[in-house]
Amino acid sequence: MKSSKAPRLPASSLEEFEQRVVTPRAGRTLIVGSQVYGDKEDRRARYPDVVGIDMLAGPGVDRVLDLEESLPDDLGLFDHVECMSVLEHSRRPWLLAANIERLMAPGATLFVSVPFVWRIHGYPNDYWRLTPEGVRALFPEIEWTAVMLASHGLTEGPKFGSTKVGAHPYFARTETVAFGTRKPYTPTRAARPRRTSRQVDDEHRAAFGGGDAGGADA
Ligand SMILES: C[S@@+](CC[C@H](N)C(=O)[O-])C[C@H]1O[C@@H](n2cnc3c(N)ncnc32)[C@H](O)[C@@H]1O
């Protein structure tokens, strides 16, 4: 006999990717570009310990910061970061991506979605479209579990929904979707994220046991 509870079907390929691939690490979560527009979901409600940051004040925003700029010292590190539909609106997405990596603890998880094919839209400006390789290049410190194209179905690309009108191929709306984990910090100072002295002390204690942390350089 069939169960009366049918499994919930994903509303979109992006949702399918999230259900199949995205396993956020428990702990502190950061939502980048957290402003809630119209009747969209406030994704902060999904997480028990979460901070929503956006460069514009509004619903869903706990802290107003331009994440392309130098980071304040009091943000701490996060265990999971979401960056959905934001990179295309960042004038200098390489700076935003570097700051996201700085804000991630080693082993922290990252969920990115960004349009590859979509019309120009504001929020407040729209600068970029990204391929899967573009996302990989922006986040060199991430070990990716999956980087895919989400359109009518999920694919690793490069072939996805298109149709021809006359001689011209037209492509369906398509998002680049990615999930991965922050690699361990490399020992070079330049590659290390900025942390407060307190965080450096805590990390030292966790790694080497109690006592004097010594030599904090943040
Ligand atoms: C299209 S909205 C996406 C909002 C939400 N993540 C969603 O999926 O509905 C993009 C948001 O990113 C924010 N944003 C763009 N560049 C940013 C930056 N450099 N720092 C912080 N927020 C930024 C914008 O202010 C805007 O609220």
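The preceding data block contains the structure.
All of the points below concern the structure found in this document. What you see is a predicted model, and the numbers here were worked out from it, not measured in a lab.

## Thoughts on the overall build of the protein
- Along the protein, the regular secondary structure elements total four helices and ten strands.
- Secondary structure elements of the protein, listed N to C terminal, follow the sequence α-β-β-β-β-α-β-α-β-β-β-β-β-α.
- Each of the 218 residues in the protein was classed as buried or not, and the buried ones make up 30%.
- Pairs at least 24 apart in sequence give 62% of the contacts found in the protein among residues at least 6 apart.

## As for the site of the ligand
- Around the ligand, 17 residues are found, and the nearest of them are Gly33, Gln35, Met55, Leu67 and Tyr123.
- Broken down by class, the residue content of the shell around the ligand amounts to eight nonpolar, five polar and four charged.

## Quick notes on the environment of Gly122
- Mapped onto the elements of the fold, Gly122 is located in the loop between strand E5 (104–117) and helix H3 (132–138).
- Given 7 C-beta atoms within 10 Å, Gly122 falls into the exposed group.
- Remark: the alpha-carbon pair of Gly122 and His89, spanning 33 residues in sequence, is separated by 7.9 Å.

## Quick notes on helix H1 (residues 13–21)
- Among the residues making up H1, those that are buried are Ser13, Phe17 and Glu18. Angularly, the buried residues of H1 cover 150° about the axis, an arc narrow enough to put them on a single face.
- Taken together, the buried residues of H1 touch strand E6 (142–151), strand E7 (153–155) and strand E10 (174–182).

## Observations concerning the pairing of E5
- Counting buried residues in E5 gives ten out of 14 residues, a clear majority hidden from the surface.
- Taken together, the six bridges between strand E4 (residues 78–84) and E5 define a ladder with parallel strand orientation. From the neighbouring strand, Met84 faces E5, where its bridge partner is Ser113.
- Where E5 lies against E10, eight bridges are found, and the strand directions are antiparallel. Pairing of Phe111 across the sheet is with Phe179, part of E10.

## Side note on the nonpolar core
- One finds Val32, Phe78, Val81, Ile100, Leu103, Met104 and Val135 to be the most contacted residues of the largest nonpolar core, which totals 36 residues.
- Mapped onto this core, the elements with two or more residues apiece are strand E1 (29–32), E4, helix H2 (93–102), E5, H3, E6 and E10.
- Among the elements that make up this core, the one with the highest residue count is E5 (eight residues).
- If we ignore the near neighbours within four places in the chain, the residues touching Ile100 are Val32, Val81, Cys83 and Leu110.

## Describing the sheet that holds E7
- Strand order in the open sheet formed by eight strands is E3-E2-E1-E4-E5-E10-E6-E7, with mixed pairing between adjacent strands. Both edges of this open sheet fall to strand E3 (63–64) and E7, since each of them pairs with a single strand only.
- Across the sheet, H1 is in contact with E5, E6, E7 and E10; its angle to E6 comes to roughly 150°.
- Contacts between H2 and the sheet are confined to E1, E4, E5 and E10, with E5 contributing the most and set at about 150° to the helix.

## A word on the environment of Pro93
- Its location among the elements puts Pro93 in helix H2.
- With 22 C-beta atoms counted inside 10 Å, the residue Pro93 sits in the buried group.
- Considered as a pair, Pro93 and Leu67 are 26 residues apart in the sequence and their alpha carbons are 9.5 Å apart.
- Residues in contact with Pro93, not counting those within four places in the same chain, are Leu87, Trp128 and Leu138.

## Some words on the pairing of strand E8 (residues 162–165)
- Sheet topology places E8 next to strand E9 (residues 168–171); four bridges connect them, and they run antiparallel. In the sheet register, Val165 faces E9, and the bridge partner there is His168.
- Two successive antiparallel strands, E8 and E9, enclose a turn made up of two residues, where Gly166 displays a positive phi of approximately 65°.

Cut-off values and rules
Residues numbered from 1 in each chain as written. Predicted model: local features only at pLDDT ≥ 70, side-chain atom pairs only at ≥ 80, totals over all residues. Helix = DSSP H or I, 4+ residues; strand = E, 2+ residues; numbered from the N terminus. Buried ≥ 20, exposed ≤ 12 C-beta atoms within 10 Å, placed from the backbone. Contact = placed C-beta atoms within 7 Å. Near = placed C-beta within 6 Å. Nonpolar A, V, L, I, M, F, W, Y, C, P; charged D, E, K, R; others polar. Arc of directions from axis to C-beta. Pairing = 2+ DSSP bridges. Core = buried A, V, L, I, M, F, W, Y, C linked by C-beta atoms within 7 Å. Axes fitted to C-alpha atoms, helices over the stretch in contact; angles between N-to-C directions.

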